[in-house]
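Okay, here's what each chain looks like letter by letter:
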Amino acid sequence: MAAKRLLSESCSDTDEPKEKRMRPKTSFASVIGEAVMVNCLCTALEPVLRRVVNEEMERSLRHRLRSFSRSPSLRIQAPEPSTLQLIFPKGLSLPIFTGSKIMDKESNQLQVLLVDTRGDQMVPVLLPNPIKVDIVVLDGDFPSGNGNNWTSEEFDRNIVRERTGKRPLLAGELAVTVRDGVASIGDIEFTDNSSWIRCRKFRIGAKVAQGSFQGVRIREAMTQAFVVKDHRGELYKKHHPPMLEDEVWRLEKIGKDGAFHKKLTTEGVNTVQDFLKMSVVDPGKLRRILGHGMSEKMWEVTIKHAKTCVMGNKHYVFQGSNYTIFLNPICQLTKAEINGSIYPTHNKSNINRAYLENLVRQAYVNWSSLEEIEVVSNEIGLLTQSDHMVDQYPSHQQIMVRSFQQNAYLTDGSIEGYMPSEMQANSGNWQISQTYLNTPIENEIRLNMLESNSDDDLTSPRSFITGG
């Protein structure tokens, strides 16, 4: 058995390849050594290989760029900037309050125009197809500086959205269609004020709706920057110009329920018309009502604002047995007929003027009973256009001087500057007393002399005429 096993093993050994029998066994130390050598080789070759690759890529790119520059058909040309732009042709009516319709400065609906800005003038542009335009709110600080070359992306980034939990900032017709180069914007209004953004101002912008126009860029439109106030502030807004029937606190420097307002209403000056009438007939009294709290500068501002009031065509008639006078809505004399004689504007004698001024005072006292008529504005003008009456809104110092002069109707017991010339011939029939003058003639005109209550009360009228 042992001999047989040895024989078989010797036979099997002869069948195995010679290489297998002669293969040396790999040791762990030799494997580590080979790995270290390969790593060192790669580290040494890496910078060389990178430099070679970069040089080849740069050479290839330079070659391709030279071929582009030599071929005009392959050159890339920068597009010219578009000259089409949307604009708001008119400014806004200010101030703007939340919940109030936004109008232009002529109280009309806002409009958007499409124009070509090429050249010195903006020329309207008519596109073959209508385009859609979105109305948005912009930050008042956009664009920065005086730049007008913003991009569409910059415009979009400066659109202001509503505050968290609030309604959309702008409500109403926010998408319009431009046809024939123009679009009217319907009713739009702000739902929130502008106090919560950094600059405290908004702008209204208009941009072409996405996908509405496939062509050159149409630049966006924007209004001037403005403040949006809460609607409750509108309750205290001043009117420009004021109306005759407006409450008197609508005038500048007179605050609603303020000291000046309370003083005026206590004296029956409730409307702008009341204020103007008193400023014409008895400016000194009006000045005293307002008191020293209203400075000279404030007085001038208030009077200047009141003077912008629209008078309209209404006139008022005050008549007696021998006279008829015509007054405009603020008690200025426009026409007078005395004993059948018409007193024109060029007649400036002291006698006629003084008499007419007293008739005006009585008309003022009886204003509610005057007859109201409609008169074309250019039919009659102010009658008493003289040094004495032309300054309808004098300063406080002028009031004191004027009042003293116009109240000095009696001097040294004689009558001066009062009776019309027609009555002077009968002056001998008049009986003079300290308290009143009475005439027995058919005119039945009585002159009452009312003395001032105090030495400094120079503006209280000392005389007025009552017709029998």
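This text goes with the structure placed above it.
What counts and how
Along every chain, residues carry numbers that run from 1 in the direction the sequence is written. It should be noted that, the model being predicted, local features are given only for residues of pLDDT at least 70 and side-chain atom pairs only at 80 or more, the latter also being counted only at that level, while totals for whole chains, interfaces and linings use all residues. The basis for the side-chain values is all heavy atoms of the structure; hydrogens and waters are excluded. A pair is scored as a salt bridge if a Lys or Arg side-chain nitrogen falls within 4 Å of a carboxyl oxygen belonging to Asp or Glu. A run of H or I in DSSP counts as a helix once it spans at least four residues, and a run of E counts as a strand once it spans at least two, with each numbered from the N terminus. Each residue gets one of three labels from its accessible area relative to the maximum for its type: buried under 20%, exposed over 50%, partly exposed in between, using a 1.4 Å probe on protein chains only. At least two DSSP bridges between two strands are needed for those strands to be called paired. For Phe, Tyr and Trp, where Trp contributes only its six-membered ring, two rings pair if their centres lie within 6.5 Å, and the inter-plane angle classes them as stacked under 30 degrees, edge-to-face over 60, or tilted in between. A ring is considered to have a charge above it if a Lys NZ or an Arg CZ atom is located within 6 Å of its centre and within 35 degrees of its normal.

This next bit is on the pattern of salt bridges. As enumerated under the stated definition, the model contains eleven salt bridges in all. Here D187 and K101 are joined by a salt bridge, their closest N and O atoms 3.5 Å apart. In this pair, D187 is assigned in the loop between β8 (182-184) and β9 (188-190) and K101 in the loop between β2 (96-97) and β3 (111-116), connecting sequence segments 86 residues apart. Of the charged contacts, one joins E296 and R287 as a salt bridge, the two residues approaching to 3.6 Å between their closest N and O atoms. What makes R287 buried here is its relative accessible area of 7%.

Let us now look at the sheet that holds strand β16 (residues 341-342). By way of backbone hydrogen bonds, the strands of a sheet pair with one another, either parallel or antiparallel. The strand order across the open sheet built from five strands is β16-β15-β14-β13-β17, with neighbouring strands paired in antiparallel fashion. Strand pairing shows two members of the sheet lacking a second neighbour, β16 and β17 (371-374), which therefore form its edges. Two strands pair when backbone bridges link them, and strand β14 (residues 323-327) and strand β15 (residues 333-338) are joined in this way by five bridges, in the antiparallel orientation. By the bridge assignment, Y323 is partnered in β15 with I338.

The description of an aromatic ring pair rests on the distance of the ring centres and on the angle between the ring planes. The final tally for this structure, using the stated rule, is seven aromatic pairs. Just above the ring of W150 sits the side chain of R219; from NZ or CZ to the centre is 4.4 Å. Lying across the ring of F326, K335 places its NZ or CZ 5.3 Å from the centre.

F142 connects to P143 through a cis peptide bond whose omega is -5°. Along the chain, P143 falls in the loop between β5 (131-139) and α4 (152-157). With an omega of -5°, the peptide bond between H240 and P241 qualifies as cis. Secondary-structure assignment places P241 in the loop between β12 (228-229) and α5 (259-266). Although it is not a glycine, S107 adopts a positive phi angle of roughly 65°. Position of S107 among the secondary structure elements: in the loop between β2 and β3.

Turning our eyes to something else, we now look at the sheet that holds strand β11 (residues 221-222). Spatially, β7-β5-β10-β11 is the arrangement adopted by the four strands of the open sheet, whose pairing is antiparallel. Each edge of the open sheet is held by one strand with a lone partner, namely β7 (175-178) and β11. Of the strand pairs in this sheet, β5 and strand β10 (residues 202-208) are connected by seven bridges, and their pairing is antiparallel. Note on β10: the bridge partner recorded for I135 is A206.

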